[in-house]
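# Survey of secondary and tertiary structure
Given next are the chains, with one letter for each unit.
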Amino acid sequence: MDLWNCKPRRFWGNHWNSLTCKCLALIVIALVVRSVLFPCFSGYNLNNNLESVRIQSRSSLDGIRREKFLEVPQIVWGLNNQKIAFARACLTARMMNRTLLMPSLSVSLFYKEIDQLQPIWFDKVFEFGTFNSRCSGFVQLGHYTELLNRMSVTELQKGSGRKWTVERDLDQLRQFGKGEYDEYEVIRIVGKNPFLWHDHWPIKDYAKVFQCLVLVDEYKREADRVISRIRAVGREARGGSESSVSVPIPYVAVHMRIEKDWMIHCKKMERRSNISQICSSKEEIIERVEKIAGLSKPTVVYLAVADSLLEDGKILDGWKEGLLPFEKNKLGVRQIYEKYPYLIKSAIDYEVCLMADAFVGNSFSTFSNLIVLERTQKMNDMGVATSCNIDVRWPSYAYNIMGDNGGPRRWMTDMSDKSLQAISYGSNKISC
């Protein structure tokens, strides 16, 4: 029978000349549609393409794969070390074009007693959604619930020792980023803490990751309470003349590294490196802060210090008129800090120092270095390339290096550095 000789009274109507013509016409239409719209869909290929569509829907449109993951060991030590380790893990995942499975941090501070470390998930300290939103297209965090096949895992053992060079480490990462290893859903890195991994990324990449870190609301509110109290004390000292909330009273934050553990550490560093500009006494810090030009007085000076490790309990003594030193006790905020473990206390103090109108720290302290890095990035975002010889919104200073008129040296991070070496371990070569 010639199909095209079938002459229905109305082609799209409800009546046909024969049931056979109707069936054959439908088959032809189906075959035409299939060949035009789904040329590759047949049997196994159909299943494969459907799987590809499903995976593509989970993949980030900006290039970071959402169906492949990287898992890293628990991140440990101090807040500053943990932030660097986290950023390094993120950049490792970026290099391998994988999503980083949300790591656990450590709320306690132990360096050798690994069994005493208290883990805490990243999203209990920093905003998970905000991080992914801010870092979209650069790095990405994922939940373990996103895994489809928990058996599709291969391990990457980090090398160690002097023979494990930067080049060997980079070759290993490249090897695991392709070929048979790339077939696995999860690559699990085992071995040492990410802070101790070799560094392969420029400082600008780290700065991008740090900018995406935002404290969860609970801890952000606590930091805001401390800052509000500092500004209120400053307003009272000025007689309440500047009572408008829209005009915040400025304050200075000093990361005062005079704790006994730091003094032991920095003196050893001075002997090993033959550098004398590492340790600073309380008297030297006070003298240099007093000589910062342009401070509007009276000014509250918030002293960020680990009180439990202090040997000198008189850090409020010796300041000249016009500078009003406050620490947690005198400020009346100790109860805020005492509610939380070490990591959260440090995170609150970090935020208070970061938001200060002027910050003074030690260029060999990683904590101070990270604050200056973020403040430098803020100024760069505003179009300020250098703050060395001009008045800027967020000036920073290094009290361990003498600057103009005997004051602390003006400090900016060198954003052209090819690694985080100077920030991770300190340096007396600051930009200004």
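Residues numbered from 1 in each chain as written. Predicted model: local features only at pLDDT ≥ 70, side-chain atom pairs only at ≥ 80, totals over all residues. Heavy atoms only, no water.

### Describing the overall build of the protein chain
In terms of helices and strands, the protein chain carries 14 helices and 13 strands. Relative to its full complement of 432 residues, the protein chain shows a buried share of 49%. Here the protein chain displays about 22,200 Å² of accessible surface, and carbon together with sulfur accounts for 52% of that area. (Helix = DSSP H or I, 4+ residues; strand = E, 2+ residues; numbered from the N terminus. Buried < 20%, exposed > 50% of the residue type's maximum accessible area, 1.4 Å probe, protein only. Areas by Shrake-Rupley, 256 points an atom, 1.4 Å probe, with all protein chains shown as cover.)

### Some points on the confidence of the model for the protein chain
Per-residue pLDDT for the protein chain averages 85, and the proportion of residues at 70 or more is 81%. Note that pLDDT drops below 50 for residues 36-61; the model gives that stretch 19 contacts with residues more than four away or on any other chain. (pLDDT = per-residue confidence, 0-100. Contact = heavy atoms within 4.5 Å.)

### With respect to the packing of helix H7 (residues 217-237) against helix H12 (residues 342-354)
Closest axis-to-axis distance for the H7/H12 pair is 9 Å, and the angle between their directions is 50 degrees. For the element pair H7 / H12, the angle class is oblique. Regarding H7 and H12, the two cross each other, and that crossing is right-handed. Residues Tyr219, Lys220, Glu222, Ala223, Val226, Ile227 and Ile230 of H7 pack against Ile344, Ile348, Glu351 and Val352 of H12. (Axes fitted to C-alpha atoms, helices over the stretch in contact; angles between N-to-C directions. Parallel < 35°, antiparallel > 145°, perpendicular 65-115°, else oblique. Left-handed = near helix turned anticlockwise from the far one by under 90°.)

### What about the sheet that holds strand S5 (residues 141-142)?
The parallel open sheet is built from five strands, whose spatial order is S5-S2-S1-S7-S6. Looking along the sheet, the strands with just one partner apiece sit at the ends: S5 and strand S6 (153-157). By the bridge criterion, two bridges tie strand S1 (residues 69-71) to strand S2 (residues 99-101) in an arrangement that is parallel. From the neighbouring strand, Leu70 faces S2, where its bridge partner is Leu100. (Pairing = 2+ DSSP bridges.)

### A few points about the environment of Leu173
Mapped onto the secondary structure, Leu173 falls in helix H5 (residues 166-175). Assessed through its relative accessible area of 2%, Leu173 is described here as buried. Each C-alpha atom, one on Leu173 and one on Lys158, is 9.6 Å from the other, the two residues being 15 residues apart in sequence.

### A closer look at the state of the cysteines
Counting across every chain of the model gives two disulfides. As a non-bridged cysteine, Cys90 has Cys135 as the owner of its nearest cysteine sulfur, 6.9 Å distant. Judged by its relative accessible area of 1%, Cys90 falls in the buried class. (Disulfide = S-S within 2.5 Å.)

### Structural notes on the pairing of strand S12 (residues 396-402)
Extensive coverage of S12 is indicated by the burial of six of its seven residues. Two elements, strand S11 (residues 358-361) and S12, share three bridges in a ladder whose sense is parallel. Paired with Phe359 across the bridge in S12 is Ser396. Inspection of the sheet shows S12 paired to strand S13 (residues 408-410) by three bridges, in the antiparallel sense. Each bridged residue has a counterpart across the sheet, and for Met402 the counterpart in S13 is Pro408. Linking S12 back to S13 in an antiparallel pair, the connection comprises five residues, with Asn405 at a positive phi of about 55 degrees.

### A look at the pattern of salt bridges
Using the criterion set out here, one finds 16 salt bridges in the structure. With its nearest N and O atoms 2.9 Å apart, the salt bridge here joins Asp182 to Arg65. Of this pair, Asp182 sits in the loop between H5 and strand S7 (186-190) while Arg65 sits in the loop between helix H2 (44-58) and S1; the two residues are 117 residues apart in sequence, bridging distant segments of the chain. Here Asp182 matches Arg65 in class, with each residue buried. A salt bridge links Lys328 to Asp349; the nearest nitrogen and oxygen atoms lie 3.2 Å apart. Of the two residues, Lys328 sits in helix H10 (residues 328-331) while Asp349 sits in helix H12, which places them 21 residues apart along the sequence. Judged by relative accessible area, which is 6%, Lys328 ranks as buried. In the salt-bridge network here, residues are joined through shared partners; they are Arg65, Arg98 and Asp182. (Salt bridge = Lys/Arg side-chain N within 4 Å of Asp/Glu carboxyl O.)

### Quick word on the sheet that holds strand S8 (residues 251-255)
Taken in spatial order, the six strands make up an open sheet running S10-S9-S8-S11-S12-S13, and their pairing is mixed. Looking at which strands have only one partner, the edges of the open sheet turn out to be strand S10 (323-326) and S13. Adjacent strand axes in the sheet meet at a mean angle of 30 degrees when their direction is disregarded. Running at roughly 130 degrees to S12, helix H9 (residues 282-290) makes contact with S8, S10, S11, S12 and S13 of the sheet. Across the sheet, helix H13 (residues 366-381) is in contact with S8, S11 and S12; its angle to S11 comes to roughly 150 degrees.

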